Amino acid sequence: QADSTARIYFAEQTSAASVLRLRSLQLEFETIGARDRFVTTVRRALETLRERPRRLLIFINPFGGRRRARAIYNKKAAPVFQICGIKCKVVITTHSGHSKEYVMDKDLSAYDGVVCVGGDGMANELINGIMQRTLKSADAAAAATAAIHQLEQEHQGGVGQENNNNNNKSNNKNNDRLSHRDVENNDDFKRDSGEEADIQGSCFELPKSSALPIGVIPAGSTDALVCTTTGAHCPLNSALHVAIG
């Protein structure tokens, strides 16, 4: 603001343990500089809270809540995310299974969490998509680990066979050529060590876990999941829980 005031927003816990409400305080400072220093300090403190999301992927079911899901998000959830400085990518679903298909196929590394605005059906769809994505990632990691292990075993077996052959040849040579053979064996060992180092340093990049925190903004005909986890059928309350992390 142009004057020396600042408004602080915060979530206040009500008598119900998991139900929050949005409150604000208007603070007045002697100078604009003092206000700016205070705001900077608060923002830096908030940045240390790693559990707070900074980027969210939002799915809205336009047919949820008697076609009121988009309005519920715009009026109740979006202002909270804007106040908290959370960047949101909004996807309006067009068909059944859309959110599940999206989270299974797209790169989600840019997001700290996913949120659905809808009812229990959409929440179930999104949760299933995240779970299947995580299992798929785990299977790929296991396959890559098995491939590395197999390569190491094959390499160790090849080195052992080569050493046995070299030893047999050395035993059949006369003493005059032993020193020459020792040098060759030493060179073979150096080459083997280099090859083993190459295998150990192979670029098998194991995929990271695709599991992400999931939030639900109630906007459906049934919202049992939200009611049982937050204790209230309230989009604003759910948005505050998501913003806090």
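The numbers attached to residues start from 1 for each chain and follow its sequence in the written order. Note on the predicted model: pLDDT of at least 70 is required for a residue's local features to be given, and 80 or more for side-chain atom pairs to be given and counted; whole-chain, interface and lining totals, by contrast, use all residues. Note: side-chain values were computed over all heavy atoms of the structure, leaving out hydrogens and water.

Some details on the overall build of the protein chain
Turning to step 1, where the next piece is worked out: Looking only at helices and strands, one finds eight helices and six strands in the protein chain.
Turning to step 2, where the next piece is worked out: Moving toward the C terminus, one meets the helices and strands of the protein chain in the order β-β-α-β-α-α-β-α-β-α-α-β-α-α.
Turning to step 3, where the next piece is worked out: Whether two residues are in contact is decided by their heavy atoms, any of which lying within 4.5 Å being enough. Partitioning the contacts of the protein chain with sequence separation of at least 6, the portion at a separation of at least 24 is 70%. Helical segments are the DSSP runs of H or I of at least four residues, strand segments are the runs of E of at least two, and each set is numbered from the N terminus.

Here we look at the environment of Leu-56
Turning to step 1, where the next piece is worked out: Its place among the elements puts Leu-56 in strand E3 (residues 55-60).
Turning to step 2, where the next piece is worked out: Between the C-alpha atom of Leu-56 and that of Ala-243, which follows or precedes it by 187 residues, the distance is 9.6 Å.
Turning to step 3, where the next piece is worked out: Residues in contact with Leu-56, not counting those within four places in the same chain, are Phe-81, Ile-86, Lys-87, Cys-88, Lys-89, Tyr-111, Gly-113, Val-115 and Val-242.

Notes on the packing of helix H3 (residues 69-83) against helix H8 (residues 235-244)
Two numbers describe a pair of packed helices, the interaxial angle and the distance between the axes.
Turning to step 1, where the next piece is worked out: Helix axes are fitted only over the stretch in contact, all axes being lines through C-alpha atoms; the angle between N-to-C directions runs from 0 to 180 degrees. Between H3 and H8, the shortest axis-to-axis distance is 9 Å and the interhelical angle comes to 30 degrees. As far as their axial angle goes, H8 and H3 are roughly parallel. You can see that H3 and H8 cross each other, and the crossing is right-handed. The segment H3 lies against H8, with Ile-72, Lys-76, Ala-77, Val-80 and Phe-81 engaging Pro-235, Leu-236, Ala-239, Leu-240, Val-242 and Ala-243. Roughly parallel refers to an angle under 35 degrees, roughly antiparallel to one over 145, roughly perpendicular to one between 65 and 115, and oblique to any angle outside these ranges. By definition, any crossing whose near helix is turned counterclockwise from its far helix by less than a right angle is left-handed, and any crossing with a clockwise turn is right-handed.

Considering the environment of Glu-125
Turning to step 1, where the next piece is worked out: Of note, Glu-125 is situated in helix H5 (residues 120-172).
Turning to step 2, where the next piece is worked out: A C-alpha to C-alpha distance of 9.3 Å links Glu-125 and Glu-101, two positions 24 residues apart in sequence.
Turning to step 3, where the next piece is worked out: Apart from the residues lying within four places of it in its own chain, the contact partners of Glu-125 are Ser-96, Gly-97, His-98, Ser-99 and Lys-100.

Comments concerning the environment of Ala-34
Turning to step 1, where the next piece is worked out: By the element assignment, Ala-34 lies in helix H1 (residues 32-47).
Turning to step 2, where the next piece is worked out: You can call Ala-34 partly exposed: its relative accessible area is 23%.
Turning to step 3, where the next piece is worked out: Separated by 29 residues in the primary sequence, Ala-34 and Thr-5 have C-alpha atoms spaced 9.8 Å apart. Classification of residues uses two cut-offs on accessible area relative to the type maximum, computed with a 1.4 Å probe and protein chains only: under 20% is buried, over 50% is exposed, and between them is partly exposed.

Focus: the pairing of E3
Turning to step 1, where the next piece is worked out: In terms of residue burial, E3 counts as a mostly covered element, since five of its six residues are buried.
Turning to step 2, where the next piece is worked out: For two strands to be treated as a pair, DSSP must find no fewer than two bridges joining them. The pairing of E3 with strand E5 (residues 113-118) spans five bridges and is classified as parallel. Within E5, the residue paired with Ile-58 across the bridge is Val-115.

A word on the side chain of Ser-4
Turning to step 1, where the next piece is worked out: Mapped onto the secondary structure, Ser-4 falls in the segment before strand E1 (5-13).
Turning to step 2, where the next piece is worked out: Each polar contact in these results corresponds to two N or O atoms within 3.5 Å; when the atoms are within protein, one needs to be able to donate a hydrogen and the other to accept it, and residues that are neighboring in sequence are counted only if both atoms are side-chain atoms. A polar contact is formed between the side chain of Ser-4 and the backbone oxygen of Phe-29, at a distance of 2.8 Å.
Turning to step 3, where the next piece is worked out: Non-local contacts of Ser-4, meaning those with residues more than four positions away in its chain, are made with Leu-27, Glu-28, Phe-29, Thr-31, Ile-32 and Arg-35.

Quick notes on helix H4 (residues 98-105)
Turning to step 1, where the next piece is worked out: Restricting attention to buried positions, one finds in H4 the residues His-98, Ser-99, Tyr-102 and Val-103. The buried residues of H4 occupy one face: seen down the axis, they fall within an arc of 120 degrees. This arc corresponds to the set of directions leading from the helix axis out to the C-beta atoms.

Some words on the pattern of salt bridges
Where side chains of opposite charge bring their charged atoms close, a pairing between them can arise.
Turning to step 1, where the next piece is worked out: A pair is scored as a salt bridge if a Lys or Arg side-chain nitrogen falls within 4 Å of a carboxyl oxygen belonging to Asp or Glu. Considering all chains together, one arrives at four salt bridges under this definition.
Turning to step 2, where the next piece is worked out: A salt bridge links Arg-23 to Glu-12; the nearest nitrogen and oxygen atoms lie 2.8 Å apart. Linking Arg-23 in strand E2 (residues 20-28) with Glu-12 in strand E1, this pair joins segments that are eleven residues apart in sequence.
Turning to step 3, where the next piece is worked out: In this structure, Arg-55 engages Asp-112 in a salt bridge whose closest nitrogen and oxygen atoms are separated by 3.5 Å. Residue Arg-55 is located in strand E3, and its partner Asp-112 is located in the loop between H4 and E5; the two are separated by 57 residues in the primary sequence.

Brief notes about the confidence of the model for the protein chain
Turning to step 1, where the next piece is worked out: On average, residues of the protein chain carry a pLDDT of 80, and 73% of them reach 70 or more.
Turning to step 2, where the next piece is worked out: For every residue, the predictor assigns a confidence score, pLDDT, that lies between 0 and 100. Counted against residues more than four places away or in other chains, residues 189-210, with its pLDDT under 50, gives 25 contacts.

Looking at the nonpolar core
Turning to step 1, where the next piece is worked out: Among the buried residues, those of types Ala, Val, Leu, Ile, Met, Phe, Trp, Tyr and Cys that are joined through side-chain atoms within 4.5 Å form a nonpolar core. Core analysis: the biggest nonpolar cluster contains 19 residues, and Leu-56, Ile-58, Tyr-73, Phe-81 and Val-117 have the highest contact counts within it.
Turning to step 2, where the next piece is worked out: No other element matches the six residues that H3 contributes to this core.
Turning to step 3, where the next piece is worked out: Here Val-117 is in contact with Ile-58, Phe-59, Ile-60, Asn-61, Ala-69, Tyr-73, Met-122, Ile-217 and Ala-219, once residues within four sequence places are set aside.
Turning to step 4, where the next piece is worked out: Grouped together as the second largest cluster of nonpolar side chains are 16 residues, Leu-108, Cys-116, Leu-126 and Leu-212 included.

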